[in-house]
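Descriptive analysis of the structure
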Amino acid sequence: MASQKQILSPYLHAYFLQYSQPYDLIYFSHNDDGERMAFVTMMLIASIIVLLNVTLLAILVPGGPIENRDFSKLKGIVFWGFNLFLILLGAGSYIASYLLLISSPHALWIAQVIAILYFIVYAVDLAGIFPKSPTKMSKPLLLLEIINISMAIYLFLFVTAMS
């Protein structure tokens, strides 16, 4: 931190002291509340996109209104490992959404990782790689998974453009 203070002009140093958010120093070279408000709005939008992703994942619970495939052939560690992964992805999404809301310095790369994980989950399912089921994917499920993978791509592109 001391090395940053030596590099900053007195004006930027005063600005840095005025705001506590780490991103203020990185993204804003002068005291422009409009620019700061635009950044906060973008972080809010990114947070909403993450919440949309986790909501779209949650409605795909097996046995629910959309997911009607039979996964009884998944046994033991594969079944519980996959479920644990999906639970952690959901919990991580809520954490990422909160971090985006508070403009945490790590929020953008966490959201990128979350987006990649969502993409992988839907891509392997749409490709028929995993999880395998004797029951075919219904048309509403197929449509929803295409929407979900599109949302994952959009989230990745959105937070990448912000960083």
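Residues numbered from 1 in each chain as written. Predicted model: local features only at pLDDT ≥ 70, side-chain atom pairs only at ≥ 80, totals over all residues. Heavy atoms only, no water.

Comments concerning the pattern of salt bridges
According to the stated counting rule, one finds three salt bridges in the structure shown. E67 is paired through a salt bridge with R69; the nearest N and O atoms lie 2.8 Å apart. On the basis of relative accessibility, which here comes to 9%, the residue R69 falls in the buried class. With its nearest N and O atoms 2.8 Å apart, the salt bridge here joins R69 to D125. Pair noted here: R69 is in the loop between α4 (33-58) and α5 (76-101) and D125 is in helix α6 (residues 107-126), with a separation of 56 residues, a long-range link. (Salt bridge = Lys/Arg side-chain N within 4 Å of Asp/Glu carboxyl O. Buried < 20%, exposed > 50% of the residue type's maximum accessible area, 1.4 Å probe, protein only. Helix = DSSP H or I, 4+ residues; strand = E, 2+ residues; numbered from the N terminus.)

What about the confidence of the model for the protein chain?
For the protein chain, the average pLDDT comes to 83, and 80% of its residues sit at 70 or higher. Put simply, helix α1 (residues 2-7) is where the protein chain has its lowest mean pLDDT, 40, and α6 is where it has its highest, 97. (pLDDT = per-residue confidence, 0-100.)

What to know about the environment of F158
Relative to the helices and strands, F158 resides in helix α7 (residues 139-162). On the accessibility criterion, F158 (12% relative accessible area) is buried. With 115 residues separating them in the primary sequence, F158 and M43 have C-alpha atoms 9.8 Å apart. Here F158 is in contact with M42, I45, A46 and I49, once residues within four sequence places are set aside. (Contact = heavy atoms within 4.5 Å.)

Remarks on the environment of I116
Looking at where I116 falls in the secondary structure, it is placed in helix α6. When the C-alpha atoms of I116 and A152 are compared, they prove to be 7.0 Å apart, with 36 residues separating the residues in sequence.

Side note on the packing of aromatic side chains
Taken as a whole, this structure holds four aromatic pairs when the rule is applied. Seen from their ring centres, F79 and W80 are 5.0 Å apart, and the 85° between their planes marks the pair as edge-to-face. Classification of W80 by relative accessible area gives exposed; the value is 59%. Consider the rings of F82 and F130, whose centres lie 4.9 Å apart with planes at 85°: the pair is edge-to-face. In this pair, F82 is assigned in helix α5 and F130 in the loop between α6 and α7, connecting sequence segments 48 residues apart. Judged by relative accessible area, F82 falls into the partly exposed class, the value being 21%. (Phe/Tyr/Trp six-rings, centres within 6.5 Å; stacked < 30°, edge-to-face > 60°.)

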